[in-house]
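Working through the structure, step by step
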Amino acid sequence: KQWYQRRVRGKKDKDLTPDRTIESLYEELVKEGILVQYPKVKISDYMGEYSYLGTTLRQANIEPMPSLSDVRRVITEYGILPMGSQTVHETAPHVKSIMIAGPHGTGKRMLVNAICSELGANLIDLTAENICGRYPGKAGLTMLLHLVMKVGKLLQPTVIYIGNAEKTFIKKVPKNDMSDPKRLKKELPKIIKKMAPEDRILFVGTSLTPWDADVKGLCQCYQKIVLIPRPDYASRYLLFKELILRNGGRLAPTLDLSSLAKISDGYTPGHIITAVKHVLTERRVQQLHRKPLTALEFVTPLARIDPIYKEEEEQFKKWYSKTPLGKKRAKLKAEEEEGDGGGGKGKSAKGGKKKGKGKKKGKGKKRK
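Below is a short write-up of the structure. Since we're looking at a predicted model, the values are computed, not measured.

1. What about the overall build of the protein?
A count of helical and extended segments in the protein gives 17 helices and six strands. A separation of at least 24 residues holds for 81% of the contacts in the protein among residues at least 6 apart in sequence.

2. Some points on the sheet that holds strand 5 (residues 201-207)
Across the sheet, which stays open at both edges, the six strands sit in the order 1-3-4-5-2-6 with mixed pairing between neighbours. Both edges of this open sheet fall to strand 1 (35-36) and strand 6 (224-227), since each of them pairs with a single strand only. Each of strand 1, strand 3 (122-125), strand 4 (158-162) and strand 5 touches helix 8 (residues 137-154); the most contacted strand, strand 5, lies at about 125° to it.

3. Some thoughts on the packing of helix 4 (residues 68-84) against helix 6 (residues 108-119)
Two elements in contact, helix 4 and helix 6, have axes whose closest approach is 10 Å; the angle formed by their N-to-C orientations is 35°. Considering the relative orientation of helix 4 and helix 6, their crossing is right-handed. Taken together, the residues of helix 6 that come into contact with helix 4 (itself represented by Val71, Ile75, Gly79, Ile80, Met83 and Gly84) are Leu111, Ile115, Glu118 and Leu119. Taken together, the residues that form the contact of helix 4 with helix 6 break down as seven nonpolar, two polar and one charged.

4. Quick look at helix 11 (residues 233-246)
Taking 1.5 Å per residue, 14 residues should reach 20 Å; helix 11 reaches 20 Å between its end C-alpha atoms and fits that length. Of the residues making up helix 11, those classed as buried are Ser235, Arg236, Leu239, Phe240, Leu243 and Ile244. Taken around the axis of helix 11, the buried residues stretch over an arc of 150°, which confines them to a single face. Looking at the buried side of helix 11, the elements it contacts are helix 4, helix 12 (257-263), helix 13 (269-279) and helix 15 (296-303). Trailing helix 11 by a residue or two, Gly248 shows a phi angle of about 90°, which is positive.

Basis of the calculations
Residues numbered from 1 in each chain as written. Predicted model: local features only at pLDDT ≥ 70, side-chain atom pairs only at ≥ 80, totals over all residues. Heavy atoms only, no water. Helix = DSSP H or I, 4+ residues; strand = E, 2+ residues; numbered from the N terminus. Contact = heavy atoms within 4.5 Å. Pairing = 2+ DSSP bridges. Axes fitted to C-alpha atoms, helices over the stretch in contact; angles between N-to-C directions. Left-handed = near helix turned anticlockwise from the far one by under 90°. Nonpolar A, V, L, I, M, F, W, Y, C, P; charged D, E, K, R; others polar. Expected span 1.5 Å × (residues − 1). Buried < 20%, exposed > 50% of the residue type's maximum accessible area, 1.4 Å probe, protein only. Arc of directions from axis to C-beta.

Put into structure tokens, the structure is as follows:
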């Protein structure tokens, strides 16, 4: 049986390019635009404050949204730490794929770049729009995936990025979409399933509208799903403070950061960066010594941007509740509530029995 399995595996993993050097394969992927460059970003550049209200909300039976600090921690634990060491990768729980979902401007692509930068990894872009028209046909797709996996394994660590990950498992392809989004639908789960612990390769997908995809197919492909929320008050305060300083600004008594963080509820880190850069032009920075910054200056550029409304956030929560982890969490919560309710019923039943016994004794005395 073992011999048969080895033979079958050997057929599946057949080398389609035995006579070519790794340098030539690498060069081909670069020329085709599959292996791409990325800006150097540290994971610490993804700014966000810890949520101190989480425990308080849970005590009030309200499930809190994760903070940006939680997102940074999860990406570090699942995406960076195991991939950074061969020994850790082989002994730690094997995470093969992560999907990062969230509204526009929450820093999904920045997190992908941060993973690559921290690891010094190769970045391979298998987004549907990027591979459209390249390696056509079934044979072409087989060759593309062979090149990707061969280069990825020989030049570890490697991050394979899939933008708009929901399109791979989209329920209905729009008529105007000519990128053949379902091209990797059958092959992608097979490749991820075959990956061994010694392969330091990580598939990372990003999604803006994950509810457009079939939940079952998406969750079978991506082991971990990270949902990025809108930044809370503490994170917005930190973002304004750090971004103003990084862009040449100065913190003055006239700049009310607390009020600014409060009125910017619903705006993402991307929106805040746009507003800060709009205000802190080269000319404005030169005027800071005689005209300090005020919170009112940032209101106008923010007003021109549409924020993330609660309806969109609720849509993300509703979708997440349909994922395996979301269902487990809902089931656990329901069991806890039933346990609390059952305990109360038991006490009242006991109390009822005692009262009944007392009445019987009283009746007996009267008969005597």
